[in-house]
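A closer look at the structure
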Amino acid sequence: MAKRMYTIGMAGHIDHGKTALTKALTNYDTDRLKEEKERNVSIEPGFAPLQLREDMEVSIIDVPGHERFIRQMIAGVAGIDAVVLTVAADEGVMPQTKEHLEILSLLGVTGGLIAVTKADKVEDDLLELAGEDIRSEVQGTPFEQAEMVFVDSMTGNGIEQTRTVMTDMLDRLVVRDARGAFRLPIDQVFSVHGQGTIVRGTVYEGQIAEGDIVQMLPLRKKGKIRQLQRHGVRVPKGMAGQRLAMNLGGVDKEELKRGDVVVSAEHYVTTTRLNVVLYTSKEAVYALKQRGQVKLHLGTAEVFGTIVFFDRNALDAGGKQEVLCQLVLDDPVVTKRADRFILRRPSPMETIGGGWVLNPNAERMRFGRESIEKLEQEKQGTPEEHVKEALREHKWLNVEQLAKETGLLHEDAEAVVANLSQKGRAKTYDNKKTVLQELYDEYIGDMLSELHTFHEQYPLRIGKNKQELSLFASGELPKELAERFLEEAVEQKEISRQKQYVAAFSHTPSYPKGWERRMEQARSSWHQDGIAPKPWDEYMEAQGIPENLRSEFRYALLQSGEASSMDDRHIRDVSKLQEAADMLHAAYPAAFTLQQAKEVLPVSRKFLVPFLEWLDEQKWTKWEEEQRVWRNLYDSHV
């Protein structure tokens, strides 16, 4: 039975029993830091697995309730599916209850339940009043229809009812989509002695497995997943909705930070300018001026920047408004259309509002109605934008798949594809699948950069093995699509291909700078010795060629097919082997014995026998009745 993956946030005012309820439900203490133990206050989000039902895998995130740790709270609830809003029965709704409630609403969290904690501390009639007070406070929020449970974590009263209500709540939720590209915003980075860099986070979308190649953004550095864990247990793969710890190879702990994102594909946008829909907070006290300083909370990232309005010079405080605007950030973030965010004022600190990303690839725009109309169009989303977004995520799709992914009618999806193709922005292959031109340009551009680096490092080689190219090794593209990209790049004369080796089209194998004369002399001596060469190292030593270049020179000759290996110490010039074969065939055109071969080719048995075996390997000769007989394949060679 396939399990459904969920992440539940535990939110509420400080000391309203979030951590105690988490422990009562899971038997895990999420206060792990020394300062948290000493002060009995959650500072960083804590995480615990919750066992509800066999077909569910649930993680609980216990977020800080103190106002000073609201930034950690926002990072904690990023990526959750539902929330348990805790309100202490003896205190009722408090300031951070309201702020948490508003932040959850702004982040688009719709699933949840209300847990009235510390229920055994108050009389039954006061408990009923507390429930009524909470109901009035959540009116107009996603929690107004949420089920309410009364629970006491110390005595255990109400715990089983809470588990039952949580199960019913999750049954009503849509499971996150594990298809498409993997994305995990990092909320913790640390290292373990002997293992290296570890990152943790909640998987937003997609799935990943041990051994996969991933990319860290905005660092733009690739690494390999050595190991995956969920709540301390090693697992072969992870998917959307799960808490995941990843042991990464190829990246140092110091290079990463909370807010960075681990992805499996290149189409995620790294940006410093994005168009957004902002819903303002009714609790905001201060007006916000044009190009005022803001702090963006997106996923687990926190980035400073400025806000740009196109229809006003200031944002008045108080009241809920929808504002189409642009954020210009000091540092890059990783995002896509429809990602939710929170916007706060750095000083004096307060929540300005929240909303969702319209366009992560935003451009500079002028103040005025024209820009607002453009943002309105982006908000509605054109059919073309929906098709492009689906193609960016799934790489290539046919029209039927596009219609399903975008909700467009078949004929509308078909019209968009035709229009994109006419503009040169997309191409459709003979299997009826369409791919964006930008995807081809991106991957082939990366491959050319990779090949140029390879040619600089190994100038003697004819090219890089196709399977070692990131185009294939990363697994980011379907194998068939990667092959088609490669074939197209060959047709466009962007690259050249020789058997399994790929090179930039302009590449010609050459000697390393400074060694041209010596290597050419060594090669000339080796060539002259024909099918009876000296050990390779002797030619190299005679010219003073260092060890690393000796093996590279040898490898390059073998790779290009100019040389054939005789044994670990000797390689032979293939042109000389062919000359010897022609001489032997001219003397004995039908068949020959070992002694006859020795008469034609006066070399020792040490070299003659490997030469005759080479003829067999080429399928030019075969052994019959104590002699070698020429085969038809030799004639085709001639």
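Rules used in this analysis
Residues numbered from 1 in each chain as written. Predicted model: local features only at pLDDT ≥ 70, side-chain atom pairs only at ≥ 80, totals over all residues. Heavy atoms only, no water. UniProt positions renumbered as here; feature names shortened; annotations may be inferred. Phe/Tyr/Trp six-rings, centres within 6.5 Å; stacked < 30°, edge-to-face > 60°. Buried < 20%, exposed > 50% of the residue type's maximum accessible area, 1.4 Å probe, protein only. Lys NZ or Arg CZ within 6 Å of the ring centre and 35° of its normal. Helix = DSSP H or I, 4+ residues; strand = E, 2+ residues; numbered from the N terminus. Pairing = 2+ DSSP bridges. Contact = heavy atoms within 4.5 Å. Axes fitted to C-alpha atoms, helices over the stretch in contact; angles between N-to-C directions. Parallel < 35°, antiparallel > 145°, perpendicular 65-115°, else oblique. Left-handed = near helix turned anticlockwise from the far one by under 90°. Nonpolar A, V, L, I, M, F, W, Y, C, P; charged D, E, K, R; others polar. Lys, Arg positive; Asp, Glu negative; His and termini not counted. Salt bridge = Lys/Arg side-chain N within 4 Å of Asp/Glu carboxyl O. Polar contact = N/O pair within 3.5 Å; in protein donor to acceptor, adjacent residues only side chain to side chain.

The protein has the name Selenocysteine-specific elongation factor in an unreviewed UniProt entry, where Salibacterium qingdaonense is given as its organism. Word for word, the UniProt comment on the protein under Function (unreviewed entry) is "Translation factor necessary for the incorporation of selenocysteine into proteins. It probably replaces EF-Tu for the insertion of selenocysteine directed by the UGA codon. SelB binds GTP and GDP." Listed in UniProt under the heading Subcellular location (unreviewed entry), the comment for the protein reads: "Cytoplasm".

**Some words on the packing of aromatic side chains**
Tallied over the full model, the rule gives ten aromatic pairs. With a centroid separation of 5.0 Å and an interplanar angle of 50°, the aromatic rings of F454 and Y458 are classed as tilted. Take Y458: its relative accessible area is 23%, and that puts it in the partly exposed class. An aromatic cluster of at least three residues, connected via ring pairs, comprises Y511, W526, W536, Y539 and F553. A cation over an aromatic ring shows up here: K427 above the ring of Y440, its NZ or CZ 4.1 Å from the ring centre. Cation over ring: K466 sits above F472, and NZ or CZ is 5.1 Å from the ring centre.

**Here's the deal with unusual backbone geometry**
A cis geometry characterises the amide bond from L217 onward to P218, with omega recorded as 5°. Within the fold, P218 resides in the loop between β10 (213–217) and β11 (221–230). A cis amide bond links S347 to the next residue, P348, at an omega of -10°. Tracing the backbone through its elements, the reader meets P348 in the loop between β22 (340–345) and β23 (350–359).

**Re the sheet that holds strand β26 (residues 464–465)**
Across the sheet, three strands lie side by side as β26-β28-β27; this open sheet has antiparallel pairing. Since the sheet does not close on itself, it has two edges, and those belong to β26 and β27 (495–498), each with one partner. This element, helix α11 (residues 437–457), spans β26, β27 and β28 (501–504) of the sheet and lies at about 95° to β28.

**As for the packing of helix α14 (residues 516–528) against helix α16 (residues 547–560)**
Contact geometry for α14 and α16: axes closest at 13 Å, N-to-C directions at 55°. On the basis of the axis angle, α14 is oblique to α16. As for the relative orientation of α14 and α16, their crossing is right-handed in sense. On α16, the residues that touch M519, R523 and W526 of α14 are L549, F553 and L557. Counted by class, the contact of α14 with α16 contains five nonpolar, no polar and one charged residues.

**Some points on the side chain of R163**
With respect to the helices and strands, the residue R163 is situated in helix α6 (residues 159–171). As a buried residue without a salt bridge, R163 has its nearest oppositely charged side chain in E160, at a separation of 4.0 Å. Here the side chain of R163 touches L25 through a polar contact of 2.9 Å, landing on its backbone oxygen. Beyond its immediate chain neighbours, meaning those up to four positions away, R163 contacts L25, L50, Q51 and L52.

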